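One-letter residues, chain by chain:
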Amino acid sequence: MSVMPKISVIIPVFNDQRGINACLVALARQTLPASSFEVIVVDNDSSPPILLNTTGQSIHLIHCPHPGSYSARNFGITKAKGEILAFTDADCQPEEDWLKHAIAPLIKDANIIVGGDVLVSTRSSPNALELYQKLTAFDQRKNIEELGFSVTANLIARKTIFDHIGTFDEELLAGGDLEWCWRAKQAGYAIHHQESAAVYTPARTSLSDAIRQARRVQGGRIALRKKNRSHAPEHAVGAHRGTVASFIWILQQRELNTFEKLRVLMVAATLKGSRLIENFRLMLGQEPERR
């Protein structure tokens, strides 16, 4: 690499001051020179507003009042000065070599999109919800190789791709990463799984938080189906496993003992019920969950 391309790291944040603080600490430890990247933190109308100490760092805090993380990411794109856009979330902590490994494939081929691993961390004595999320969350290899997308918790691409196919669909409060990646693949861009470009995210410990997340994801699936676009494959819009298959899969997990499996099954059943209730709620014309 004779010339290092400028990178813009874009991070939407909504009511997560602690998470964004930890994320920025991790970004300050990147092995790439600090001069090679800027960080754009997009406050998506948090209450209270996000506060950052940006003294001496290339960190820009901007405000996007329109609800939705994809609106926030799009607003960040308009302010980005980098040739490469790297997306992560406020509750993620990138490994020290994240940017170094993430941009390596893009140096060789400007027409690919990179998706790195998203690894779930738990406490030393995880509760049932943490065990469930550790089992089920963020299988990026499957996302990319079988379902054709990368989550925006770890997605990196040249800005020219966004210039070509457009930005994220702001009507979607969840699933905008799927829709954008499928649109990119339809336009001829490939998605590359870069296992070494990893970020960590803590498992949720509160069942109420997990229920809100499940409702938001379910609303995103429903919104994607309504769009009925040719580039959105139906098999990838639905749940990865049916209810019975999910329960059997949990029972087959050898790293869990019998008691842990029963606890995880209770969490799975609770979240399944919350998704069914969200279906009914949205059928009645209620507003989708955004958090």
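Here, the structure is the one placed above.
Owing to the predicted nature of the structure, the values given are computational and were not obtained by experimental measurement.

### Concerning the packing of helix α4 (residues 128–136) against helix α11 (residues 258–283)
The packing of two helices is summarised by the inter-axis angle and the distance between the axes.
(1) Moving on: Close contact between α4 and α11 brings their axes to 8 Å; oriented N to C, the two are set at 80 degrees. Taken as axis vectors, α4 and α11 run roughly perpendicular relative to one another. Mapping the contact onto sequence places A128, L129, L131, Y132 and L135 in α4 and E260, R263, V264, V267, A268 and L271 in α11.
(2) Moving on: Across the contact of α4 with α11, the residue classes break down as nine nonpolar, no polar and two charged.

### Examining the pattern of salt bridges
(1) Moving on: If you walk through the whole model with that rule in mind, you get ten salt bridges.
(2) Moving on: When the shortest N-O distance is used, the salt bridge between K159 and D163 registers 3.5 Å. Taken as a pair, K159 and D163 lie in helix α6 (residues 159–165) at a separation of four residues, close to a single helical turn.
(3) Moving on: A relative accessible area of 22% places K159 in the partly exposed class.
(4) Moving on: For D163, a relative accessible area of 54% corresponds to the exposed category.
(5) Moving on: In this structure, a network of salt bridges that share partners links the residues R141, E145 and E195.

### What about the sheet that holds strand β7 (residues 154–158)?
(1) Moving on: Across the sheet, eight strands lie side by side as β3-β2-β1-β4-β7-β6-β8-β5; this open sheet has mixed pairing. Every other strand in the sheet has two partners, leaving β3 (59–63) and β5 (93–94) as the edge strands with one partner each.
(2) Moving on: Strand direction decides the pairing type here: strand β2 (residues 37–43) and β3, joined by five bridges, are parallel. Paired with V39 across the strands is I59, a residue of β3.

### Quick notes on the packing of helix α10 (residues 243–251) against α11
(1) Moving on: Close contact between α10 and α11 brings their axes to 9 Å; oriented N to C, the two are set at 160 degrees. By the angle between their axes, α10 is roughly antiparallel relative to α11. In this structure, α10 crosses over α11, and the sense of that crossing is right-handed. Contacts between α10 and α11 involve T243, F247, I250 and L251 from the former and K261, V264, L265, A268, A269 and K272 from the latter.

### Concerning helix α3 (residues 98–108)
(1) Moving on: Looking only at α3, the buried set comprises W98, L99, A102, I103, P105 and L106. Mapping the buried residues of α3 onto a view down its axis gives an arc of 145 degrees, with all of them on the same face.

### Details of the side chain of E278
(1) Moving on: In this structure, E278 sits in helix α11.
(2) Moving on: For E278, the side chain forms a polar contact with the side chain of R281, separated by 2.9 Å.

### Points about the side chain of S8
(1) Moving on: With respect to the helices and strands, S8 occurs in strand β1 (residues 7–13).
(2) Moving on: Judged by its relative accessible area of 0%, S8 falls in the buried class.
(3) Moving on: A polar side-chain atom of S8 sits 2.5 Å from a polar atom in the side chain of E38.
(4) Moving on: Beyond its immediate sequence surroundings of up to four residues, S8 is in contact with E38, I40, A80, K81, G82, I84, L85 and A86.

### Here's the deal with α11
(1) Moving on: For α11, which comprises 26 residues, the first-to-last C-alpha distance of 38 Å matches the rise-based estimate of 38 Å (1.5 Å per residue) to within 8%.
(2) Moving on: Considered for burial, the residues of α11 that qualify are E260, K261, V264, L265, V267, A268, L271, S274, R275, E278 and L282.
(3) Moving on: Capping the start of α11, N257 holds a side-chain oxygen 3.1 Å from the backbone nitrogen of F259, two or three residues further along.
(4) Moving on: A positive backbone phi angle near 90 degrees is found at G285, which sits one or two residues after α11.

### Describing unusual backbone geometry
(1) Moving on: Omega for the bond connecting S47 with P48 falls within 30 degrees of zero, at 0 degrees, which places this linkage in the cis form.
(2) Moving on: Non-glycine residue D45 carries a positive phi angle of around 70 degrees.
(3) Moving on: Residue placement: D45 occurs in the loop between β2 and β3.

### Here's the deal with the pairing of strand β4 (residues 84–88)
Successive side chains on a regular strand alternate, one facing one side of the sheet and the next facing the other.
(1) Moving on: Where burial is concerned, most of β4 is hidden: five out of the five residues are buried.
(2) Moving on: Burial along β4 is two-sided: the residues I84, A86 and T88 and L85 and F87 are all buried.
(3) Moving on: Sheet analysis places β4 next to β7, joined by five bridges and oriented antiparallel. Bridged to A86 within β7 is I156.

### Some thoughts on the nonpolar core
(1) Moving on: V9 and W180 are the most contacted members of the largest nonpolar core, which totals 61 residues.
(2) Moving on: Counting residues in hydrophobic clusters, the runner-up holds 14 residues, among them A128, L135, V267 and L271.

Quick notes on the rules
- Residues numbered from 1 in each chain as written.
- Predicted model: local features only at pLDDT ≥ 70, side-chain atom pairs only at ≥ 80, totals over all residues.
- Heavy atoms only, no water.
- Axes fitted to C-alpha atoms, helices over the stretch in contact; angles between N-to-C directions.
- Helix = DSSP H or I, 4+ residues; strand = E, 2+ residues; numbered from the N terminus.
- Parallel < 35°, antiparallel > 145°, perpendicular 65-115°, else oblique.
- Contact = heavy atoms within 4.5 Å.
- Nonpolar A, V, L, I, M, F, W, Y, C, P; charged D, E, K, R; others polar.
- Salt bridge = Lys/Arg side-chain N within 4 Å of Asp/Glu carboxyl O.
- Buried < 20%, exposed > 50% of the residue type's maximum accessible area, 1.4 Å probe, protein only.
- Pairing = 2+ DSSP bridges.
- Left-handed = near helix turned anticlockwise from the far one by under 90°.
- Arc of directions from axis to C-beta.
- Polar contact = N/O pair within 3.5 Å; in protein donor to acceptor, adjacent residues only side chain to side chain.
- Expected span 1.5 Å × (residues − 1).
- Core = buried A, V, L, I, M, F, W, Y, C linked by side-chain atoms within 4.5 Å.

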